[in-house]
Amino acid sequence: MTSVLEVQHVTMCYETGHSHPLVALENITLHINQGEFVGLVGPSGCGKSTLLAVIAGLETPTAGTVALHGDKSAKRLGRVAYMLQRDVLLPWRTALDNAITGLQVQGVGRGVARGRARQLFVEFGLTGFERAYPALLSGGMRQRVAFARTVLVGSDLLLLDEPFGALDAITRASLQQWLAAIWGKLDATCLFVTHDVDEALLLADRVYVMSKRPGRMCLERRIPLERSQREGMFARPEIAKLKAELRAALFDELETPIPSVVDSEQGGKQ
Ligand SMILES: Nc1ncnc2c1ncn2[C@@H]1O[C@H](COP(=O)(O)OP(=O)(O)O)[C@@H](O)[C@H]1O
Ligand SMILES: [Mg+2]
């Protein structure tokens, strides 16, 4: 399997002006393979957004390395696409022109960019809304436009920071189903941050759980079901057990020391 991203032993401290710096991330190790949908779950303030900023190349870690396609010195800004919780669409641009913003920044001409966006709008259920301004779109549609903008940039890796976190429960559930259904067609690789264990179980191939601050990696699990089989998945005993395990890690209630991620890393690679 081709590795897209390798994060190794990343620690991130912020200077606070006090005697002690704030340790936002401590010894974080994770990897993402080509085509994988990886979920990252952690409590608020544990450093999830900080980790994405480090991966995107917006922040330099205090220690540790990040490699894109095996290259630790590769410039990542511009090669990874970043989508935030709020859609941040430009109110004066139509939905279609919002979707092509990233392509235009890359120098793609408006006509070509619009052509690509129109194709994706079909897939994204946005046909007929190309010329609508953001104020006329529902919250779910705005997030789909923002997601289209992220996908169109065509980056090696999509970083999605709680993309459904600001939506109401019904819109959120319908976008989760939508994303699960179209993911296979997108030919993309992503790291999806959420504080919702159910969302990670519904969408991801593999999930990491982070502890509360300072953020450490405390659990990694594969979801043992094809995405197409996940409807009604929470009624399955093996999924209920997995969910309980993820929640225990999230709430820092694991009875036994945490396996895999942390222990295996300390064995040697440092
Ligand atoms: N630029 C910064 N300077 C100082 N502290 C920061 C900065 N960015 C984030 N933090 C702190 O780092 C911790 C992790 O924040 P964040 O990565 O936003 O967490 P999460 O996304 O998991 O909610 C928090 O305590 C936050 O206040
Ligand atoms: Mg955050």
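Here's the deal with the overall build of the protein
And step 1. Helices and strands together make up the secondary structure of the protein, namely nine helices and nine strands.
And step 2. Expected size for 270 residues packed as a compact globule is a radius of gyration near 18 Å; at 19 Å, the protein falls within 12% of this value.
And step 3. Across the 270 residues that make up the protein, the buried fraction comes to 39%.
And step 4. Of all intrachain contacts in the protein linking residues separated by at least 6 positions in sequence, the fraction that spans at least 24 positions is 71%.

As for the site of ligand 1
And step 1. Neighbouring residues of ligand 1: Y14, L22, A24, G42, S44, G45, C46, G47, K48, S49, T50 and R213.
And step 2. Counting residues per element, the ones that place at least two in the shell around ligand 1 are strand 2 (22-33) and helix 1 (48-56).
And step 3. If one sorts the elements of the shell around ligand 1 by residue count, helix 1 sits on top with three residues.

What to know about the pairing of strand 1 (residues 3-14)
And step 1. Looking at chain direction, strand 1 and strand 2 are connected through eight bridges and run antiparallel. If you follow V10 over to strand 2, its bridge partner there is I28.
And step 2. As paired strands, strand 1 and strand 4 (residues 63-68) are joined by five bridges and run antiparallel to one another. Of the residues in strand 4, the one forming a bridge with E6 is A67.

Rules and cut-offs
Throughout this description, residue numbers start from 1 for each chain and increase along the sequence as written. Chain A is the first chain written and ligand 1 is the first ligand written, with later ones labelled in order. Side-chain atom pairs in this predicted model are given and counted only at pLDDT of 80 or more, local residue features only at pLDDT of at least 70, and totals for whole chains, interfaces and linings cover all residues. Strands are runs of DSSP state E lasting at least two residues, helices are runs of H or I lasting at least four, and both sets are numbered from the N terminus onward. Our radius of gyration looks at C-alpha atoms and nothing else; its globule reference is 2.2 Å times the residue count to the power 0.38. Counts of 20 or more other C-beta atoms within 10 Å of a residue's own C-beta define buried residues, counts of 12 or fewer define exposed ones, and intermediate counts define partly exposed ones; C-beta atoms are placed from the backbone. What counts as a contact is two residues whose backbone-derived C-beta atoms lie within 7 Å of each other. To decide whether a residue is near a molecule or strand, its C-beta atom is placed from the backbone and checked for lying within 6 Å of it. One requirement defines pairing of two strands: DSSP has to find at least two bridges between them.

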